[in-house]
Each structure stands twice: as C-alpha cells, then as structure tokens.
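Next come the chains, spelled out residue by residue.
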Amino acid sequence: MLRIYAPASSANISVGFDTLGAAVSPIDGSLLGDVVQIEAIPSGFELENAGYFVRKLPKEPQKNIVYQAYALFSERLQLRGGKVKPLRLTLEKNMPIGSGLGSSACSIVAALVALNKFHDEPFSKMELLEMMGELEGRISGSIHYDNVAPCYLGGVQLMVQSLGNICQTLPFFDEWYWVLAYPGIEVSTAEARAILPKQYTRQDVIDHGRHLGSFVHACHTHQDVLAALMMKDVIAEPYRAALLPNFAEVKQANRDLGALATGISGSGPTMFSIAPDLTVATKLATYLEQHYLQNNEGFVHICKVDNQGARELG
Ligand SMILES: Nc1ncnc2c1ncn2[C@@H]1O[C@H](COP(=O)(O)OP(=O)(O)OP(=O)(O)O)[C@@H](O)[C@H]1O
Ligand SMILES: N[C@@H](CCO)C(=O)O
C-alpha cells in the first residue's frame, strides 16, 4: 500500500497569471493537501472517498477528477503497450473545493503520482505533468499548470512551456512567510475565469510585462524589496476582487500590519499575504481570522514554500 500527499498551492502570485505558482505547507507541520492511497485488489478498479470535504465531491463517481485521472492514466499506458493492474484508490479529500488553494490539483497530482509509482514509473515527470494539465483543463475550462506544477514538483514554478519543459523552478525567498486565509465560501475557477476581459489595454500589457520581468529578475538577483513591489496584478485582481468579501479593506489592513504583498490566491476566495518575519505573519493571521473568515469552514495558515511537492507518506 502506498500513500501520496500532494500539497496546497497558490497560483498566480499576483504577478504571473497562469504562469507562476508556489507549493505551500503550514509551518506547524500540519498537512494542507489531499492524500491518495493505492493498493492492489484481486480484479478491476475501485474508488473510495474519505476526508472532511468528501461531502463536497460530485455525487457521480465518474465526475470525480481522481476517477478521470485513473481513466487517462490507463488510456495512456495502454497506448504504449502497458497494462493497468487491478487496484483501489482511496482519496482523502482534505482540501476545500473552489478555494483558490489548488484543491482539484491536489487530487489530480496525488492520484497520478500514486498510479505512476504503483506501475514502476512508466511515465517521465513531464509526461505526467502534461496529463495533470489536461485534467486540470477539464475542470477550469482551459489548461493551466500553475497549480499542478508546484503541487507536483514543489517550490515556486515558472511555466516556460518550451524546449520540452512545462515549467522551471524559480529561486525564491525562503525567509518569507505566506499567510493564507480561506474565508469558507466557494468560488468556481471556471466562473472566475469567465469574468475576465478577453482583451487588455496596451498600458495593462506593458505594466504586466514590466512587473513579471522585474519580479523574475528580482528572484534571480535576490532583491526581496523589488520582488515584493512587483507583485501587482493588472490581469485578474481588478475584476475578481468583487468575488471576495471586503477585499480592498482587508488588503489595506494587511499592508498597514506590515505585509510585503497581498493578493488573491489562484482564482480566490483565499487571500495570501507575504510577511517578512514570524511576528508580522502572526499579526496578519490574527487579523485575517477576525476579519476575513465568513463561517466556521474558513481557516488561516501561516505557511512557507513547500520545496518537496508531492511525496509518499510513511
Ligand atoms: N477530487 C476533486 N477535488 C476537487 N474538485 C473536484 C474533484 N473532483 C471533481 N471536482 C470538481 O471540480 C470542480 C473544482 O472546481 P474549482 O476548479 O473551482 O476548484 P479548485 O480546484 O478548488 O480551485 P482552485 O484551483 O482555485 O483551488 C468542482 O466542480 C468539483 O466538483
Ligand atoms: N491561474 C488560474 C489559477 C486557478 O486556481 C486562475 O487564476 O484562473
């Protein structure tokens, strides 16, 4: 029996819509992500679901993205002459759905990593990642790797999508704390994408290029002040802010408390704030708990970048 954990991720990081994402883990050592267990059975395929958010999964098993991950893996393995073993997958659905923390990505990544390991790794990392992107695309309506890539490989990933690489790891600021606040309400990624403009002004395009280019440069030259200043979003935040409760007010309060940057995690409604040290991170966490959570499903975690990505649990 094999158990694979896939961590939460924060896509976009304000400055890199669909092109940047970070895997994150709480500093208290708790697991913020889904787990998929795989085991041999005498014949056929079985899927079981467990975990706190199991009740939010689609009722029809075929609509569960883990089922679809199994179907896609089987199809691709058969295409290259391989044979899928009889197996049972058990999804522990720990991540809230529609949270902006890469919930579907956690399920997809944990399932495909488990299936690949169980079959003695017939697919390379990039082949597996390509399948992950395809599955993520079925959910959100278009293929984007900014949750699945960091969730699978860990760290902060930049989607280069060239020369045989879907992504490459960006050097980042290990000293930074990420305060992630999920308010407890749901925002559908597909809907949050549908409200974005089809076209942007020339000024927005220029600003976006300057922000992203300067941010990547700052990461490589370890200029934390410049990197934080460049974490500005002209692509999604102006249009999605209305989907989040009191976004502008909470963002300003975070700035006043010492946050280096604050933005929407993925397509929301989770907000992320970057803190330079644990004292500021703790203040932000307390504020967000009191002012951003909407119900008792919400939570706040102080995290760091998770450099390991998907991994086997002992
Ligand atoms: N195992 C699964 N985990 C999460 N969502 C699933 C799963 N299987 C199917 N779904 C469906 O996929 C959709 C997920 O929606 P959405 O992309 O908005 O959530 P998300 O992955 O949590 O988003 P985000 O990347 O912003 O965290 C829902 O309609 C949900 O029912
Ligand atoms: N880049 C994607 C991430 C979705 O989690 C978006 O913002 O729509």
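Refer to the structure presented above.
This text gives an overview of the structure that appears in the document. (Residues numbered from 1 in each chain as written. Chains lettered and ligands numbered in written order. Predicted model: local features only at pLDDT ≥ 70, side-chain atom pairs only at ≥ 80, totals over all residues. Heavy atoms only, no water.)

Turning our eyes to something else, we now look at the site of ligand 2. Every residue near ligand 2 is listed here: Ala11, Asn12, Phe17, Asp18, His144, Asp146, Asn147, Thr189, Arg193, Arg240, Gly266 and Ser267. Separating an oxygen atom of ligand 2 from a side-chain N or O atom of Arg193 is a distance of 2.7 Å. Between Arg240 and ligand 2, the recorded distance is 2.8 Å, taken from a side-chain N or O atom to an oxygen atom. Protein chains bury 97% of the 260 Å² of accessible surface belonging to ligand 2 in isolation. The cavity that encloses ligand 2 is the largest pocket. Looking at the shell around ligand 2 residue by residue, the classes come out as two nonpolar, six polar and four charged. Looking at which domains feed residues into the shell around ligand 2, each of domain 1 (2–171 + 308–313) and domain 2 (177–303) gives three or more. (Near = heavy atom within 4 Å. Polar contact = N/O pair within 3.5 Å; in protein donor to acceptor, adjacent residues only side chain to side chain. Areas by Shrake-Rupley, 256 points an atom, 1.4 Å probe, with all protein chains shown as cover. 1 Å grid on protein atoms, 1.4 Å probe; cavity = no way out; pocket = protein on both sides within 12 Å on 5 of 7 lines; lining within 4 Å. Sits in = over half its atoms within 2 Å of the grid points. Nonpolar A, V, L, I, M, F, W, Y, C, P; charged D, E, K, R; others polar. Domains from an automatic or database assignment.)

This next bit is on unusual backbone geometry. Here the amide bond leading from Gly268 into Pro269 is cis, since omega sits at 10 degrees, within 30 degrees of zero. In this model, Gln161 sits at a positive phi of 45 degrees, which is unusual for a non-glycine residue. The residue Gln161 is located in the loop between strand 7 (156–158) and strand 8 (168–170) in this model. For His222, which is not a glycine, the phi torsion comes out positive at approximately 55 degrees. Tracing the chain through its elements places His222 in the loop between helix 6 (202–220) and helix 7 (224–229). (Helix = DSSP H or I, 4+ residues; strand = E, 2+ residues; numbered from the N terminus.)

The terminal C-alpha atoms of helix 1 (residues 65–79) lie 21 Å apart, and with 15 residues this matches the ideal 21 Å at 1.5 Å per residue to within 8%. Within helix 1, the full set of buried residues consists of Ile65, Val66, Gln68, Ala69, Tyr70, Leu72, Phe73, Ser74 and Leu77. Contacts from the buried residues of helix 1 go to strand 5 (45–50), strand 6 (87–92), helix 2 (103–118) and helix 3 (125–140). (Expected span 1.5 Å × (residues − 1). Buried < 20%, exposed > 50% of the residue type's maximum accessible area, 1.4 Å probe, protein only. Contact = heavy atoms within 4.5 Å.)

Attention now goes to the sheet that holds strand 6. The strands that make up a sheet are held in pairs by hydrogen bonds between backbone atoms, and each pair lies either parallel or antiparallel. With mixed pairing, the five strands of this open sheet are ordered in space as 5-6-4-1-13. On the outer flanks of this sheet lie strand 5 and strand 13 (311–312), each paired with one strand and no other. Here strand 4 (residues 33–40) runs beside strand 6; their pairing, made up of six bridges, is antiparallel. Each bridged residue has a counterpart across the sheet, and for Ala40 the counterpart in strand 6 is Leu87. Here helix 2 sits on the sheet and contacts strand 1 (2–7), strand 4, strand 6 and strand 13; the angle it forms with strand 4, its principal contact strand, is near 25 degrees. (Pairing = 2+ DSSP bridges. Axes fitted to C-alpha atoms, helices over the stretch in contact; angles between N-to-C directions.)

Attention shifts here to the environment of Asp277. Within the fold, Asp277 resides in the loop between strand 11 (271–275) and helix 10 (278–291). The partly exposed category is assigned to Asp277, whose relative accessible area is 34%. Linking Asp277 and Ala259, residues 18 residues apart in sequence, is a C-alpha distance of 9.6 Å. There is a polar contact of 3.1 Å between the side chain of Asp277 and the backbone nitrogen of Thr279. In terms of polar contacts, Asp277 uses its side chain to reach the backbone amide nitrogen of Val280, at 2.9 Å.

What follows concerns the site of ligand 1. Looking at ligand 1, there are 23 residues lining it, with Ile65, Gly98, Gly102, Ser104 and Thr189 nearest. Note that an oxygen atom of ligand 1 is positioned 3.2 Å from one of the backbone N or O atoms of Ser103. The fraction of the free accessible surface of ligand 1 (620 Å²) that becomes covered by protein chains is 86%. Its atoms largely coinciding with the cavity grid, ligand 1 occupies the largest pocket. Ranked by residues supplied to the shell around ligand 1, first place goes to helix 2 with three residues. Among the residues making up the shell around ligand 1, the classes are represented as nine nonpolar, twelve polar and two charged. A domain-level breakdown of the shell around ligand 1 finds at least three residues from each of domain 1 (2–171 + 308–313) and domain 2 (177–303).

Function cannot be read off these values alone, since they describe shape.
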